[in-house]
Amino acid sequence: MTSLRNKIILAMVLIGVVLFMVIQIIIIPENEAQSEQYRLAQQSPLTHDLESILPYKNKYMGATSNLVMFNHLPLDHLKGTFQLRPDKFTIEIHYEDKSTDIEAKLFKQAMLYNSVSAFALVDNLQTIQYRFSDTTIVATRAAIQSLFGDDLASLLTKEKWRTSVQDKLRDDQFVEEGMKKLGRI
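The chain carries the name DUF4825 domain-containing protein in an unreviewed UniProt entry, which gives Brevibacillus fortis as its organism.

In structure tokens:
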């Protein structure tokens, strides 16, 4: 009887050790790799996950949650501060970096992507000023609407977002034309 009990205990210990090793060697590294891959995909306007910013949908730009959305958009790794100008329906983002520190194509795509995202999510937002240490990019609702259509909020479904925003940003000519519509100070 004691021998059988010892064998059962030993078998359970071995199963526990094997399961622990499987979790530590296979499952945890796979989960970490997937998390890292998702994080990297979030940095590109072409692969960014729309679902990550939908909670920040708001009718009015005066809510501080409007600023949090920029922490979930491409270029969120850049250090910066935010300022709301509710009297002008404007959000200012002050980046410590130079715009030239960012790969040019990614920079242009991100300016357009972040702008269409913010205007689609915040109904009364009219202007976004992206202030870098070497330049300021000004995106207006009118300029973004001329590129993506008047009803930006209607784009906030996965399929429409992919076809009407992300696929357009794959076209270098569209991106160049879009950047011409944004102002510089």
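Description of helix 5 (residues 158-166)
Every buried residue of helix 5 is listed here: Trp161, Val165 and Gln166. Along helix 5, the residues classed as buried sweep out an arc of 70° about the axis, all on the same side. In this structure, the buried side of helix 5 is in contact with helix 3 (104-121) and helix 4 (141-148).

Focus on the pattern of salt bridges
The final tally for this structure, using the stated rule, is nine salt bridges. Here Arg170 ties to Asp167 by a salt bridge, and the two come within 3.5 Å at their closest N and O atoms. Residues participating in the shared-partner salt-bridge network are Glu159, Arg162, Asp167 and Arg170.

Comments concerning the packing of aromatic side chains
All told, the structure shown has five aromatic pairs when counted by the stated rule. When the ring of Tyr95 is compared with that of Phe132, the centres are 4.6 Å apart and the planes differ by 20°; the resulting orientation is stacked. One end of the pair, Tyr95, is in strand 2 (residues 90-95); the other, Phe132, is in the loop between strand 3 (127-131) and strand 4 (136-140), with 37 residues separating them in the sequence. Residue class for Phe132 comes out buried when judged on its relative accessible area of 6%. The interplanar angle of 80° and the centroid separation of 5.6 Å between the aromatic rings of Tyr113 and Trp161 together place this pair among those described as edge-to-face. Here Tyr113 is found in helix 3, whereas its partner Trp161 is found in helix 5, with 48 residues between them in sequence. Residue classification places Tyr113 among the buried positions, given a relative accessible area of 0%. One aromatic cluster is present, formed by Tyr95, Phe107 and Phe132 through successive ring pairs.

Definitions and cut-offs
- Residues numbered from 1 in each chain as written.
- Predicted model: local features only at pLDDT ≥ 70, side-chain atom pairs only at ≥ 80, totals over all residues.
- Heavy atoms only, no water.
- Buried < 20%, exposed > 50% of the residue type's maximum accessible area, 1.4 Å probe, protein only.
- Helix = DSSP H or I, 4+ residues; strand = E, 2+ residues; numbered from the N terminus.
- Arc of directions from axis to C-beta.
- Contact = heavy atoms within 4.5 Å.
- Salt bridge = Lys/Arg side-chain N within 4 Å of Asp/Glu carboxyl O.
- Phe/Tyr/Trp six-rings, centres within 6.5 Å; stacked < 30°, edge-to-face > 60°.

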